[in-house]
Amino acid sequence: MPSEKILEQKKAVVADLSDKMSRAASGVLVKYQGITVADDTKLRADLRKAGVEYAVIKNSLIGRAADIAGLGDIKSELEGMNALAISYDDPIAPAKILKEYADKIETFELRGGFLDGAVVDVKVVEELASIPPKEVLLGRMLGSLMGPLTGLAVGLQAVIDKQNGGESAEEAPAEAEAPAAE
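We now turn to the structure provided with this report. (Residues numbered from 1 in each chain as written. Predicted model: local features only at pLDDT ≥ 70, side-chain atom pairs only at ≥ 80, totals over all residues. Heavy atoms only, no water.)

Here we look at the pairing of strand β1 (residues 26-31)
Here is step 1: The buried count for β1 comes to five of six residues, which makes it a mostly enclosed element.
Here is step 2: Where β1 meets strand β4 (residues 109-115), six bridges bridge the pair, whose relative direction is antiparallel. The residue bridging V28 from the neighbouring strand is G113, located in β4. (Buried < 20%, exposed > 50% of the residue type's maximum accessible area, 1.4 Å probe, protein only. Helix = DSSP H or I, 4+ residues; strand = E, 2+ residues; numbered from the N terminus. Pairing = 2+ DSSP bridges.)

Re the nonpolar core
Here is step 1: Residues V30, L43, Y54, L98 and F108 are the most contacted members of the largest nonpolar core, which totals 24 residues.
Here is step 2: Only β1, α2 (37-49), β2 (52-56), β3 (82-87), α4 (93-104) and α5 (122-129) provide two or more residues apiece to this core.
Here is step 3: Among the elements that take part in this core, α4 stands out by supplying six residues, more than any other.
Here is step 4: When neighbours within four sequence positions are excluded, F108 is seen to be in contact with V30, K31, Y32, Q33, I35, L43, Y54, L98, Y101 and A102.
Here is step 5: Formed by 16 residues, the second largest nonpolar core is a distinct cluster that contains L17, M21, I57 and A66. (Core = buried A, V, L, I, M, F, W, Y, C linked by side-chain atoms within 4.5 Å. Contact = heavy atoms within 4.5 Å.)

Quick look at the packing of aromatic side chains
Here is step 1: Summed over all chains, the structure comprises zero aromatic pairs.
Here is step 2: Here the guanidinium or amino end of K104 rests over the ring plane of Y101, the centre of that ring lying 4.4 Å away. (Phe/Tyr/Trp six-rings, centres within 6.5 Å; stacked < 30°, edge-to-face > 60°. Lys NZ or Arg CZ within 6 Å of the ring centre and 35° of its normal.)

Section: the packing of α4 against α5
Here is step 1: Look at α4 against α5: their axes get within 8 Å of each other, and the N-to-C directions meet at 95°. By the criterion of interaxial angle, the relationship of α4 to α5 is roughly perpendicular. The segment α4 lies against α5, with A95, K96 and K99 engaging V125, E126, L128 and A129.
Here is step 2: Residues belonging to the contact of α4 with α5 are distributed by class as follows: four nonpolar, no polar and three charged. (Axes fitted to C-alpha atoms, helices over the stretch in contact; angles between N-to-C directions. Parallel < 35°, antiparallel > 145°, perpendicular 65-115°, else oblique. Nonpolar A, V, L, I, M, F, W, Y, C, P; charged D, E, K, R; others polar.)

What to know about the sheet that holds β1
Here is step 1: In spatial order, the strands read β2-β3-β1-β4-β5; together these five strands make up an open sheet with antiparallel pairing. The open sheet has two edge strands, β2 and β5 (118-120), and neither has a second partner. Pairwise comparison of adjacent strand axes, ignoring direction, gives a mean angle of 20° for this sheet.
Here is step 2: Here helix α1 (residues 4-23) sits on the sheet and contacts β2, β3 and β4; the angle it forms with β3, its principal contact strand, is near 50°.

What about the pattern of salt bridges?
Here is step 1: A complete count under the given rule lists eight salt bridges for this structure.
Here is step 2: One salt bridge connects D19 with R23, and the closest N-O pair in it is separated by 3.1 Å. Of this pair, D19 and R23 both sit in helix α1, four residues apart, which is roughly one turn of the helix.
Here is step 3: Between E53 and K20 there is a salt bridge, and its shortest N-O distance comes to 3.0 Å. Of this pair, E53 sits in strand β2 while K20 sits in helix α1, and the two are 33 residues apart along the sequence.
Here is step 4: Here E53 falls in the partly exposed class, since its relative accessible area comes to 33%.
Here is step 5: Each of D16, K20 and E53 takes part in one network of salt bridges that share partners. (Salt bridge = Lys/Arg side-chain N within 4 Å of Asp/Glu carboxyl O.)

Remarks on α4
Here is step 1: When the terminal C-alpha atoms of α4 are compared, their 17 Å separation across 12 residues agrees well with the 16 Å that a helix rising 1.5 Å per residue should span.
Here is step 2: Considered for burial, the residues of α4 that qualify are A93, P94, A95, I97, L98, Y101 and A102.
Here is step 3: Against the buried residues of α4 lie β1, α2, β2, β3, β4 and α5. (Expected span 1.5 Å × (residues − 1).)

What follows is the structure in structure tokens.
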């Protein structure tokens, strides 16, 4: 039987983890096995840059914290050595970074996760990882907004040109300003 001190430490870890899981935008559970120290160091650095918390935590502690956070369904994935990545701001970041490493390292695999308070399976995590970065999505949106506006501008210019008798709008004012020959 563990000592009272160790039991209190574990309770504190569970309470902290359940709070993090409750507040998180997303989290990804990975099978943490077969990763080299160099890859692990780079992985942790990439996750830190993206603002993602990452830790290898005992399955029993993750399970208890998940129950408290209302994410008990994730316990079905808690076998073997697991690590948990949690993001508070960017729900896509943990999935994208961990998927990159899972593709490179055979034994490092995505197990599942949670998104906005609901447990999701590996397929959803992989779909999240395939979403383009925010900048690309904004560029696409602006491009789709600019297309119709450009078409409208070209159409209006054609109407103006037609009203000026075939002259472009830029040429017409120049001729109007030219002094009349006497």
